[in-house]
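Understanding the architecture of this molecule
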Amino acid sequence: MKLLTHNMLTSHVKGVTKGYPLLIKATEVKVNEVDFNPQFVSRMIPKLEWSALVQAADQLGHRQDLPGDLVPDYEKNEDFLKKVHRVLLEVEVLEGCLQCPESGREFPISRGIPNMLLNEDEV
Amino acid sequence: MSSHHEDPAAEQTSPGDDPSVSSTCEADSAVITVTIGATVPTGFEHTAAEEIKEKIGADARISKDRGRIYFPITTDKLFQVHLLRSVDNLFVVVDEYDRYQFKESKEEMLMELQQLASKLPWKNALKVWELNRTLKKKKGHRKGGNAARAKPSGETGDVAAADAEQQAPPLETPPAEADAKTESAPDSEEAAAEAKLTKFRVTCNRAGDKHSFSSNEAARDFGGAVQEFFQWKADMTKFDIEVLLNIHNEEVVIGIALTEESLHRRNISHFGPTTLRSTLCYGMLRLCKPQVSDVILDPMCGTGAIPLEGAIEFNSSFYVAGDNNDMAVNRTVNNICHIQKRRAGKGSTPGLPIDTVQWDICNLPIKTSSVDIIITDMPFGKRMGSRKKNWDLYPSCLREMARVCRPGSGKAVLLTQDKKCFAKAISRMGGLWRKVLTVWVNVGGLHAGVYLLKRTSATFGQTPEDVHEPRGAADTQLEDRNDKELS
């Protein structure tokens, strides 16, 4: 699971209103090389929940020096964009789980695949 | 295009000329123009023509015979055809007849086909065939012959190209006959003798109700004449040259195949029961015109064919492949890993902009309005799911898809065979989805539709569609009319 995906995932357990962002408990993380496209990164940033991204990177110990707030004029800052690129696309959680912040329900991650299926009573 | 038939006396390959023996004539390195024929998924002929214009710069002509397009190319640019993602098979045209006058009787017709073999302008087409073989060898193409169909747990039969990163190899004059099909290193004398003998087969596709003969008969008789003329050996399974005889009503095209296996299974090594052809996936992706940073979801991804094709070919977007089925998500990950290993092996950056999640399409764990494009193959009543299930599934899907899709700019490209069910479901969703166009395609022999939808700018949760509505009189009338149109 990449952190870009994590940024979009939310808990949909019945009755939960504050199911975002999911907490990450990772037991195996991998870094994979992905081609850097600065335009992709700079256009993706406005679509993201920035604080959730930073928090997630932090939980994995891969925050490095990503700032808590967006730097102004980031579109032209290639160094910054490269850092964001790494965190969005290159860091992957292979094993672990995602936890709903409100209900505590855990969704396992195995082979990089989060299993978000709910049981009948949770729907 | 008008009938064009060259003077048989002029450009003729004389009998006894074995094309696998190269001549040292200067004309071999001269650039010539030929017509290439391509088979594409029916319904996506225009998409393929667009890709050809974009990547090769040629104007493609769409044949009346559905699923076929033709375009001119010079031999120095031949390698480019292997970069096309929308074509299933490629062949070089030997000759074509727009309005072939078929003889009335079967005997006369078959006799004519036999005579045709010796009159056709084979030379240029054979040169292109030879050149193409060289190109394939350079790419390290593994010749598995017909047996190399992808197996569930094994390797892919690596087909001739289709990797967008491949650089064009420089062209050389065709090599000598020793290059003919010898995979391992057998006894030298036997190998040399085997190698000298060119093996061929004829494949005939015939469509139309005014012919007095069958495709088998035509293939047999034409093939016999070809064998006689060239002194090649006929072999239906282990052939070097595949001659194509395509007859569609009055249109007759003779060609030589340039692709061994269909290119359409190129990305998938782990198949599922309903895996889509990559060429069809490519056609669907082109339809939604992925932009830089678009978030693209396939919420019923099966083995991941669509998002994987996207991640390779339209790689400035991000793909999330999802399914509720255990085997499906695992196969998707296996397919992704397979491609990444292949890329790493070729020295490219392995990682792809794609991720896999296990989820329920009717209750997506995705934030509202966070997705730009939804592209998927919806379950067909016959191959997966059931008609009754689709009745309930389609409206729920469309609603959930509308929720996660960005209002105003969002799009959906949905493939389904259950046109009735889909039309009914969409007719009640005018507040959320607007139908832009439909492409009619053929999927495994079943007639299906690819629907391009635009997400309206209405916020989810504020239109009547978000709530289940009881059927009113107006709805019934609309449905009756739609039913009549579709039956």
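Predicted model only: the values in this text are computed from it and were never measured. (Residues numbered from 1 in each chain as written. Chains lettered and ligands numbered in written order. Predicted model: local features only at pLDDT ≥ 70, side-chain atom pairs only at ≥ 80, totals over all residues. Heavy atoms only, no water.)

On to the overall build of chain B, then. When its secondary structure is counted, chain B shows 11 helices and 15 strands. A burial count over chain B gives 56% of its 487 residues as buried. Pairs at least 24 apart in sequence give 78% of the contacts found in chain B among residues at least 6 apart. (Helix = DSSP H or I, 4+ residues; strand = E, 2+ residues; numbered from the N terminus. Buried < 20%, exposed > 50% of the residue type's maximum accessible area, 1.4 Å probe, protein only. Contact = heavy atoms within 4.5 Å.)

Taken together, the contact between chain A and chain B spans 31 residues of the former and 34 residues of the latter. Between chain A and chain B the total buried area reaches about 2,700 Å² when both faces are included, carbon and sulfur atoms providing 59% of it. Across the pair D372 of chain B and K47 of chain A runs a salt bridge whose closest N-O atoms are separated by 3.0 Å. The interface formed by chain A and chain B includes 16 residue pairs in polar contact (both at pLDDT 80 or more). Mapped onto the side of chain A that touches chain B, the elements with two or more residues apiece are α1 (3–6), α2 (38–44) and β4 (113–114) of chain A. When residues in the side of chain A that touches chain B are grouped by element, the largest group, four residues, is from α2 of chain A. (Buried area = accessible area lost by both parts, 1.4 Å probe. Salt bridge = Lys/Arg side-chain N within 4 Å of Asp/Glu carboxyl O. Polar contact = N/O pair within 3.5 Å; in protein donor to acceptor, adjacent residues only side chain to side chain.)

Residues and elements named next belong to chain A. In terms of burial, strand β2 (residues 91–99) is largely enclosed, as eight of its nine residues are buried. Pairing of β2 with strand β3 (residues 106–110), which is carried by four bridges, proceeds in the antiparallel orientation. What sits directly across from L98, in β3, is F107. A loop of six residues connects β2 with β3, the two strands running antiparallel in sequence, and G104 in this loop sits at a positive phi of about 85 degrees. (Pairing = 2+ DSSP bridges.)

What follows covers the packing of helix α6 (residues 278–288) of chain B against helix α7 (residues 305–313) of chain B. To characterise two packed helices, one gives the angle between the axes of the helices and the distance between these axes. All names here are of chain B. Their axes nearest at 9 Å, the elements α6 and α7 cross at an angle of 70 degrees. Relative to α7, the element α6 is oriented roughly perpendicular. For the element pair α6 and α7, the recorded crossing hand is right-handed. Seen from α6, the contacting residues are S278, C281, Y282, M284 and L285; seen from α7, they are A305, I306, E309, G310 and E313. (Axes fitted to C-alpha atoms, helices over the stretch in contact; angles between N-to-C directions. Parallel < 35°, antiparallel > 145°, perpendicular 65-115°, else oblique. Left-handed = near helix turned anticlockwise from the far one by under 90°.)

What follows concerns the packing of aromatic side chains. All names here are of chain B. Counted by the stated rule, this structure contains 14 aromatic pairs over all chains. Arranged with centres 5.9 Å apart and planes meeting at 50 degrees, the rings of F102 and F213 form a pair that is tilted. Placement of F102 in the loop between β4 (89–97) and α2 (106–119) and of F213 in the loop between β5 (199–207) and α5 (215–230) is noted, with a sequence separation of 111 residues between them. Measuring from ring centre to ring centre gives 5.6 Å for F200 and W232, while their planes differ by 55 degrees; the resulting arrangement is tilted. (Phe/Tyr/Trp six-rings, centres within 6.5 Å; stacked < 30°, edge-to-face > 60°.)

Next up on the list: the pattern of salt bridges. Proximity of charged atoms lets side chains of opposite charge pair with each other. All names here are of chain B. With the rule as written, the count across this model stands at 21 salt bridges over all chains. R406 is paired through a salt bridge with D372; the nearest N and O atoms lie 2.7 Å apart. Placement of the pair is R406 in the loop between α9 (387–404) and β13 (411–416) and D372 in the loop between β11 (354–358) and β12 (373–377), with a sequence separation of 34 residues. Both residues of the pair, R406 and D372, belong to the buried class. Residues participating in the shared-partner salt-bridge network are E51, K55, R85, E309 and E313.

All names here are of chain A. Going from Y20 to P21, the amide bond is cis rather than trans, its omega being -5 degrees. Backbone geometry places Q64, a non-glycine residue, at a positive phi of 55 degrees. Structurally, the position occupied by Q64 is in the loop between α3 (50–59) and α4 (78–90). Look at R111: it is not a glycine, yet its phi comes out positive at around 55 degrees. Classification of R111 as partly exposed rests on a relative accessible area of 36%.

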